[in-house]
Amino acid sequence: MAGGAAAGKAGAEEPRRPGAGSPAPRRPAPGGAPDGALQPQPPLCRAGPGVGAGAPSLPPSPAAMSQGSPGDWAPLDPSPGPSAPPNPFVHELHLSRLQRVKFCLLGALLAPIRVLLAFIVLFLLWPFAWLQVAGLTEKQLQEPITGWRKTVCHNGVLGLSRLLFFLLGFLRIRVRGQRASRLQAPVLVAAPHSTFFDPIVLLPCDLPKVVSRAENLSVPVIGALLRFNQAILVSRHDPASRRRVVEEVRRRATSGGKWPQVLFFPEGTCSNKKALLKFKPGAFIAGVPVQPVLIRYPNSLDTTSWAWRGPGVLKVLWLTASQPCSIVDVEFLPVYHPSPEESRNPTLYANNVQRVMAQALGIPATECEFVGNLPVIVVGRLKVALEPQLWELGKVLRKAGLSPGHVDMGAEPGRSRMISQEEFARQLQLSDPQTVTGAFSYFQQDAQGLVDFRDVALALAALDGGRSLDELTRLAFELFAEEQVEGPGRLLYRDGFSTILHLLLGSPRPAAATLHAELCQAGPHQGLSLCQFQAFSLHDPLHGKLFSTYLRPSPKPQASASGGPAALANGTLPLLKQKGD
């Protein structure tokens, strides 16, 4: 049971973008693919080659630009269209007055008893988990456990796990479809992954093996359950760990039914159930058939979702335990048999299975994902951070009492000047070591631990509210544009373009580099002129609005009452509570 929430989060390689000629997903086949085409797929979160029609709305800005006093702010209304897919990283729970009263009463009477009993059962799981692996060597644990250990301990953990979820209020687990055997589908992929309650899917799957972080072994009880499960462990601190996990997944998936099935949550993190995140290819690397497993919580009030922004762990646990009865639907779809091309290309395989599951769920399949520790959404042809680190940098600098507009830039256009953390502190006149370390960490460092001062200059200029968007984009071009190899004038090449978008919008550099190549296809050069760059950043129907949303949120028509939240250096408000999975 434990460790299932981490399945699919580790051991998955960074996904590659599928080629433009990727074939449409094929219908899954229960033991043999039937003929017939899929129904039309749900709309993706990224627009086609054009920008504008059918494009998703921009993420709502957390604050607005201050035009008068710091309290004169209002969120930007992006005017979402009817075809705009939902933001999968935000979960808003609105309770009526009657619901609040009900949760207060049940939360005071029912929730404490349920949670206490559930924790008692959780600790009762430990002896069974310990007994299964007690006395076994590491070599013996490289093979599936059989005999009396398997019979006694497996059934004990399975029964107690069901009791644990029952005590938390999950009185019914409704199962639809037929679970395939380990020979038919060595790998199970479950989605949407929306909560830390999702390990409940392990019960109707007969406790399959999972993938989890190696650091979880040190967690009391959870570590014992991971050893019991013979989980595949990956370490974030060991670069070779990811390769070993891939090899272990392939070894178990191709064992001819010797090993139990392996369960993945291919999204790799939690969402709000309203859209599927981009599937990571780790579950599909072996190229074997997989069985999609759908998880639904068809309750009148969604208290289980644990998204990046929304109710925290304790509130989700308290609200769910306060519900008289929670229901979970687990549906086994037909086994998906990969084509030869999908077997060779795990990213294509993952994308096609994602679309099949999204169609069955009736929700969009998106390319939204977590990059590092930040959620990334897709707007037009560009991936952008839901909340760029630039905003967090503004919080750090404002807390230190620094006004970005009063910092002497001193950056030379077109030439990098690498600075150390000590010089960074002197340039920004920062004295607190913790503030210096925190602010310096927001910039990309080279092998010697130095940062390009042009990055610092652009970030400070963006946080300073004194420049217009035209001036800001012109400054960005002047800082990072380079002289042409042949011919006069300066052009913005791939690296500079990627750095600008990464700093201002939080775009992953590979995604920005791909967009730069697309923008340069129409011209004779491999770089963008100032006019071309400003046409993209200021006048493009979609991306221009993106820049204005992230850098210059719309002013409020009427001043709000005094005493509102204090704005940051660029007029934005402090960020809302956020969490990663």
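Residues numbered from 1 in each chain as written. Predicted model: local features only at pLDDT ≥ 70, side-chain atom pairs only at ≥ 80, totals over all residues. Heavy atoms only, no water.

Caption draft 1: Helix H4 (residues 241–253), seen in detail. Here H4 spans 18 Å end to end across 13 residues, near enough to the 18 Å set by a 1.5 Å rise per residue. Here H4 has its buried residues at Ser241, Val245, Val246, Glu248, Val249, Arg252 and Ala253. For H4, the buried positions fall inside an angular range of 165 degrees around the axis, keeping them on one side. Next to the buried residues of H4 lie strand E2 (187–191), strand E3 (209–213), strand E4 (232–234) and strand E5 (262–264). (Helix = DSSP H or I, 4+ residues; strand = E, 2+ residues; numbered from the N terminus. Expected span 1.5 Å × (residues − 1). Buried < 20%, exposed > 50% of the residue type's maximum accessible area, 1.4 Å probe, protein only. Arc of directions from axis to C-beta. Contact = heavy atoms within 4.5 Å.)

Caption draft 2: Just the sheet that holds strand E10 (residues 382–385), in detail. The three strands lie next to each other as E8-E9-E10, forming an open sheet whose pairing is antiparallel. Edge strands, defined here as strands with exactly one partner in the open sheet, are strand E8 (369–371) and E10. Averaged over all pairs of adjacent strands, the angle between their axes in this sheet comes to 45 degrees, without regard to strand direction. Pairing geometry for strand E9 (residues 374–379) and E10, over four bridges, is antiparallel. Residue pairing across strands places Val378 opposite Lys383, the latter belonging to E10. (Pairing = 2+ DSSP bridges. Axes fitted to C-alpha atoms, helices over the stretch in contact; angles between N-to-C directions.)

Caption draft 3: Layout of the sheet that holds strand E6 (residues 290–296). Sheet architecture is open: seven strands sit in the order E1-E7-E6-E2-E5-E3-E4, paired in mixed fashion. The strands lining the two open edges of the sheet, one partner per strand, are strand E1 (170–176) and E4. Between one strand axis and the next, the sheet turns through 25 degrees on average, direction left out of account. In this sheet, E5 lies alongside E2 in parallel orientation, the contact comprising three bridges. The residue bridging Leu188 from the neighbouring strand is Leu263, located in E5.

Caption draft 4: Seen up close, the confidence of the model for the chain. Taken as a whole, the chain shows an average pLDDT of 78; of its residues, 77% reach a score of 70 or greater. Within the chain, the element-level pLDDT minimum falls on helix H16 (residues 543–551), averaging 79, and the maximum on E6, averaging 97. Segment residues 1–82: pLDDT under 50, and 212 contacts once partners within four positions in sequence are set aside and those in other chains are kept. Low confidence marks residues 553–581, where pLDDT is under 50. Its contacts with residues over four positions away, or in another chain, come to 82 contacts. (pLDDT = per-residue confidence, 0-100.)

Caption draft 5: Representation of the side chain of Thr435 within the structure. Structurally, Thr435 can be placed in helix H10 (residues 433–440). Not counting residues within four places of it along the chain, the set of residues in contact with Thr435 comprises Val396, Ala400 and Leu430.

Caption draft 6: Seen up close, the pairing of E3. Burial within E3 is extensive, with four of its five residues counted as buried. Alignment of E3 against E4, held across three bridges, turns out to be parallel. Within E4, the position partnered with Val211 by the bridge is Ile232. Crossover connection from E3 via helix H3 (residues 222–229) to parallel E4: handedness right-handed. (Right-handed = clockwise from strand over helix to strand, strands pointing away.)

Caption draft 7: Region of interest: the packing of aromatic side chains. This model, assessed by the stated rule, comprises 16 aromatic pairs. Taking 6.2 Å as the distance between ring centres and 20 degrees as the angle between the ring planes, the aromatic pair formed by Trp126 and Trp130 counts as stacked. Here Trp126 pairs with Trp130, and both are found in helix H1 (residues 97–133), just four residues apart, close to one helical turn. Relative accessible area serves as the criterion here: at 40%, Trp126 is assigned to the partly exposed category. Here the aromatic rings of Phe497 and Phe533 are separated by 6.3 Å at their centres, their planes lie at 85 degrees, and the arrangement is edge-to-face. Of the two residues, Phe497 is situated in helix H13 (residues 494–505) and Phe533 in helix H15 (residues 530–539); the sequence distance between them amounts to 36 residues. Overall, Phe533 belongs to the buried group, its relative accessible area being 1%. In textbook terms, an aromatic cluster arises when at least three aromatic residues are bridged by ring pairs, as seen for Phe165, Phe170, Phe196, Phe197, Tyr297 and Trp306. Positioned above the aromatic ring of Trp259, the side-chain terminus of Arg252 is 4.0 Å from the ring centre. (Phe/Tyr/Trp six-rings, centres within 6.5 Å; stacked < 30°, edge-to-face > 60°. Lys NZ or Arg CZ within 6 Å of the ring centre and 35° of its normal.)

Caption draft 8: Structural detail: the packing of H13 against H16. Across the interface, H13 lies against H16 with an axial gap of 10 Å and an inter-helix angle of 45 degrees. It follows from the interaxial angle that H13 and H16 lie oblique. Taken together, the residues of H16 that come into contact with H13 (itself represented by Leu501, Leu504 and Leu505) are Leu546, Phe547, Tyr550 and Leu551. Class assignment of the residues belonging to the contact of H13 with H16 gives a composition of seven nonpolar, no polar and no charged. (Parallel < 35°, antiparallel > 145°, perpendicular 65-115°, else oblique. Nonpolar A, V, L, I, M, F, W, Y, C, P; charged D, E, K, R; others polar.)

Caption draft 9: View of the pattern of salt bridges. In total, this model carries 14 salt bridges according to the counting rule given. Between Asp329 and Arg176 there is a salt bridge, with its nearest N and O atoms 3.4 Å apart. In this pair, Asp329 is assigned in strand E7 (residues 326–332) and Arg176 in strand E1, connecting sequence segments 153 residues apart. In this structure Asp329 comes out as buried when scored by relative accessible area, which is 3%. For Arg176, a relative accessible area of 41% gives the class partly exposed. Residue Arg243 pairs with Glu247 through a salt bridge whose shortest N-O separation is 3.3 Å. Here Arg243 and its partner Glu247 are both found in helix H4, four residues apart, which amounts to about one turn of the helix. The partly exposed category is assigned to Arg243, whose relative accessible area is 48%. (Salt bridge = Lys/Arg side-chain N within 4 Å of Asp/Glu carboxyl O.)

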